[in-house]
Amino acid sequence: MKIKELAMDCRILYVRLPCNPIFPIGVVYLADHVHKLFPGIEQRIFDLGTIPPLDYASALENCIDEFKPSLLIYSWRDIHIFAPVGGRGGNPLQYSFEIFYAKNPLVKLHGALGGLQMLKSFYTELWQNQSLIKRGLKRAQQYNKDVRVIVGGGAVSIYYEQLNKSLPKGSIVSVGEGEALLEKLLSGQDFSDERCYVVGENQPRQRLIHEAPTALEKTACNYEYIESIWPDFNYYLQESDFYIGVQTKRGCPHNCCYCVYTVVEGKQVRINPADEVVAEMRQLYDRGIRNFWFTDAQFIPAKRFIDDAVELLQKIVDSGMTDIHWAAYIRADNLTPKLCELMVKTGMNYFEIGITSGSQELVRKMRMGYNLRTVLQNCRDLKAAGFNDLVSVNYSFNVIDERIETIRQTIAYHRELERIFGADKVEPAIFFIGLQPHTHLEEYAFKEDILKPGYNPMLLLPWTARKLLWNPEPLGSFFGKVCLQAMRENPNDFGREVMNILEAKLGCAPLEEALTAPIEQQSKPKQLAKIS
Ligand code: B12
Ligand code: SF4
C-alpha cells in the first residue's frame, strides 16, 4: 500500500461530519500533529457540528471551493442510537420499551411510530454523512483530480467493517487514533501496518481493531496555530457552558464485557506528560475557557496511574488556573485522600462512575474489576475533601445473571451513595447495554446463537434492534414495565423514578449483602445472561 509522497503541495481539509456541538478534539489533535511534522502543509478545519442541517452540503462545497483541498479528512464521531435519554431522533429506550412491553395498544402504537421516526432519523443521518463524503470528494476533484479521502473517528472505529460497502472506492478507512497513519501517508511510507484498509483495494484484516495502536509522545496542542486554520473556532468559546476536550492519556487496561473503548484505544495506557497537558489547558484558559472535559476512556484507569493523576492535578494547582471546572469518567476505586483533595481543589464539578451494578457479585461477573466497598470509601473521602457537586452513576440492569436480590442490592448501594453525597447530587443514569461490535458481550451472543457472525450492527430492523438492546428475559419485561412507568410518571427525573419504583416493588437489601460476593459465585465460570 505505497503511494507517492503527498506532503509536497498537500492541502488538507478536515471535515468533522454533523454532530451535536461537542468540541472536535479529534481533528484538532490530528491537525496539530501534522503541523508539527510538516509545517509547510496548508490545513483547514471545517466543523459541520456548527452548521445548520439545511446548509450542510452547500457550506461544505463553499469551503472546498475556497480551500481546494488535495486531501479530505472526514471525522465521524457517533452513529450510536441506543441513548437512554432523548437523542437526535427522540428517546430510543422509551420507544423500544413501548413496542416490546406496553400492554395498551395505543402506547404500543406510539412506540412503533416513534421507533419508525427514530429509524428514519438514524438512516437519514447515515445516508447524509455518506453522501457528504461523496459530494465533498466530487467537488474537490474539480480542483485536484488525485484528491484522496480518509475517514476516521469514534463511529468509524466501531463500524469500520460495515462502512466498506458504502464509501467511495479508494477511501482509506481508519480505526482508532489517526496520527501515525497520517504521518506515514504524508511522508510516502507504507501505511499498511497501521489500523486501516483501503476501500476496493483490500479488506479489513481480521481483528484489526484489536491491534495495538502505534505509540506516540503527545505534546501540548498549539492553539495559536489551530485558531489560524479554523475560522469558526470561536463558536466553542462563546458559550460558557461548553466543556472543551483535553486528553491526558489513552488506553484502558480493563476488560468490562460490554465496552469497546478498551479495544478502540488499546489496553496499554499511555500518559501524556503533565506539563504538556497543563500547557495545552493554559492556552485554552487564556482564550477564556474555564470548563474542561478530560476525554480519557478513564481518567484514573488503575491504581498504578494514581501518581500520574496527582502529578497532573498538582501542576494545574501550581499553574494558578484556580477558577476552572473539569469533568471526566472516573473509576472511583482508584482514589486516595490526596487525590480527592486535589480533585476538589482543581475544580472537578462533575464525574461519571460506570459501576453498572451495585451488586459486587454482578460487577465481578461483568469482568469490571471494581471493588464496590472501596468505591464507597473513596466517595466518602471525596465528600470529606469538600466535593459538593454532581455525580452521575451509570447503572445497566440485566446484563448478566440479574435477579431480584441483585436489584435490591443495587438499590442499597445507590442509597448509600445518596447518603454520602446527598440525594440531589447523585444522578442514577439508567442505561440498557447497547450491544457493540468487538466486545465480549458480542462474542457471547455469537456463542449462544443469539446473533450470527456477519450480522450487520448498523442494520436496525426491529428484530435485530431487540437483540442489540440487551435486556434479556426473564427480567426483561419487568424492567421494561418499570421504565415505562417511570417515563410516564416522572419523565424529567427518570433515573431516580426507576430507583424509587424498584424499591417500592422489591425493597432494599442490607448494604453488606451488596458488597459481598459469595465465594461459590466467584468460582463459578462467568455466565452471561440469556436473551429472549
Ligand atoms: C469523552 C467521550 C464523551 C464525552 C465528551 C466530552 C467532551 N466535551 O468532549 C461525553 C460524555 C459528553 C460523551 C457523550 C457521548 N458520546 Co462519547 N465518547 C467519549 C470517548 C470516551 C472519548 C472521545 C474523545 O474525545 N477522545 C479523544 C479524541 C482525541 O479522540 P477522537 O475524537 O476519537 O479522535 C481520534 C481518533 O478517533 C482519530 N480520528 C478522528 N477523526 C479522524 C479522521 C481520520 C481521517 C483519521 C485517520 C483519524 C481520525 O484520531 C483522533 C486523534 O487521535 C469515546 C470513546 C473512546 N474511547 O474513544 C466515546 C464515544 C466517541 N462516544 C460515543 C457516543 C455514542 C456518545 C453519545 C452519543 C452517547 C449517547 N448515546 O448519548 C454522547 C453524545 C452526546 C451528545 N451531546 O451528542 C461513541 C461513538 C461511536 C458510536 N457508538 O456511535 C464512542 C466511540 C463510545 C462508544 N463506543 O460508544 N462522550
Ligand atoms: S473501565 Fe470503563 S473504559 Fe475501561 S473497559 Fe471498563 S467500561 Fe471500558
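The coordinates are above.
Just so we're clear, the structure is a prediction, and the values are computed from it rather than from any experiment.

What counts, and where the lines are drawn
- Residues numbered from 1 in each chain as written.
- Chains lettered and ligands numbered in written order.
- Predicted model: local features only at pLDDT ≥ 70, side-chain atom pairs only at ≥ 80, totals over all residues.
- Heavy atoms only, no water.
- Helix = DSSP H or I, 4+ residues; strand = E, 2+ residues; numbered from the N terminus.
- Buried < 20%, exposed > 50% of the residue type's maximum accessible area, 1.4 Å probe, protein only.
- Lys, Arg positive; Asp, Glu negative; His and termini not counted.
- Salt bridge = Lys/Arg side-chain N within 4 Å of Asp/Glu carboxyl O.
- Contact = heavy atoms within 4.5 Å.
- Near = heavy atom within 4 Å.
- Polar contact = N/O pair within 3.5 Å; in protein donor to acceptor, adjacent residues only side chain to side chain.
- Pairing = 2+ DSSP bridges.
- Axes fitted to C-alpha atoms, helices over the stretch in contact; angles between N-to-C directions.
- Core = buried A, V, L, I, M, F, W, Y, C linked by side-chain atoms within 4.5 Å.
- 1 Å grid on protein atoms, 1.4 Å probe; cavity = no way out; pocket = protein on both sides within 12 Å on 5 of 7 lines; lining within 4 Å.
- Points joined across faces, edges and corners; volume = space filled by probe spheres on them.
- Nonpolar A, V, L, I, M, F, W, Y, C, P; charged D, E, K, R; others polar.

### Remarks on the side chain of E497
Tracing the chain through its elements places E497 in helix 19 (residues 494-506). With no salt bridge to any partner, buried E497 finds its closest opposite charge in R415, at an N-O distance of 9.2 Å. Non-local contacts of E497, meaning those with residues more than four positions away in its chain, are made with A486, E489 and N490.

### As for the site of ligand 1
Residues in contact with ligand 1 amount to 36 residues; listed here are only the nearest, N20, S75, I79, H80 and E265. I79 places a polar main-chain atom, nitrogen or oxygen, 2.7 Å from an oxygen atom of ligand 1. Residue E265 places a side-chain N or O atom 2.7 Å away from a nitrogen atom belonging to ligand 1. Of all the secondary structure elements, the ones that give two or more residues to the shell around ligand 1 are helix 1 (25-37), strand 3 (71-75), strand 4 (148-152) and helix 5 (154-163).

### Some points on the sheet that holds strand 11 (residues 325-329)
Read across the open sheet, the 6 strands follow the order 7-10-11-12-13-14; overall the sheet is parallel. Only two strands of the sheet have a single partner each, and these edge strands are strand 7 (244-246) and strand 14 (426-431). Between one strand and the next, the sheet's axes are offset by a mean angle of 25°, whatever the strand orientation. Relative to strand 14, strand 13 (residues 390-396) is paired through 6 bridges, and the arrangement is parallel. Opposite S396, over in strand 14, you have F431 as the bridge partner. With respect to the sheet, helix 10 (residues 274-286) is in contact with strand 7 and strand 10 (291-294), its orientation differing from that of strand 7 by roughly 160°.

### Some thoughts on the environment of S392
Assignment of secondary structure puts S392 in strand 13. Considering only alpha carbons, one finds S392 and L469, 77 residues apart in sequence, at a separation of 21 Å. Once residues lying within four places of it in the same chain are set aside, the contact partners of S392 are Y350, F351, E352, I353, E427 and A429.

### Digging into the nonpolar core
Counting residues in hydrophobic clusters, the biggest one holds 171 residues, and the most contacted among them are Y14, I226, F299, W326, I330, M343 and F421. Leaving out residues up to four positions away in the same chain, Y14 has contacts with V27, L30, A31, V34, Q43, R44, I45, F46, I73 and L182.

### Let's talk about the environment of T406
Mapped onto the elements, T406 comes out in helix 15 (residues 404-421). Accessibility expressed as a relative area gives 0% for T406, which makes it buried. Put simply, T406 and V264 are 142 residues apart on the chain and 31 Å apart in space, counted from C-alpha to C-alpha. Setting aside residues no more than four positions away along its own chain, T406 makes contact with S359, E361, L362 and D401.

### Some details on the layout of surface pockets
Here the second largest pocket defines a volume of roughly 720 Å³. The class makeup of the residues in the lining of the second largest pocket is 9 nonpolar, 11 polar and 6 charged.

### A short note on the site of ligand 2
The local shell around ligand 2 consists of C252, H254, C256, C259, Y261, T262, A297, Q298 and R331. Here the shell around ligand 2 is composed, by residue class, of 5 nonpolar, 3 polar and 1 charged.

### Some points on the sheet that holds strand 6 (residues 196-198)
Taken together, the 6 strands give an open sheet; going across it, the order is 2-1-3-4-5-6, and neighbouring strands pair in mixed fashion. Two strands bound the open sheet, and with one partner strand each, they are strand 2 (42-47) and strand 6. Averaged over all pairs of adjacent strands, the angle between strand axes in this sheet comes to 15°, irrespective of strand direction. Relative to strand 4, strand 3 is paired through 5 bridges, and the arrangement is parallel. The residue bridging L71 from the neighbouring strand is R148, located in strand 4. On top of the sheet, helix 1 reaches strand 1 (11-16), strand 2 and strand 3; it is set at about 175° to strand 2, its chief contact. The strands that helix 5 touches are strand 4, strand 5 (172-174) and strand 6; relative to strand 5, the one it contacts most, it runs at about 140°.

### Focus: unusual backbone geometry
Here the amide bond leading from E473 into P474 is cis, since omega sits at 15°, within 30 degrees of zero. You can see P474 is positioned in the loop between helix 17 (462-468) and helix 18 (476-489). Despite not being glycine, K68 shows a phi value in the positive range, around 55°. Residue position: K68 is located in the loop between helix 2 (56-67) and strand 3.

Remember, this is a structural readout, not a statement about activity or role.
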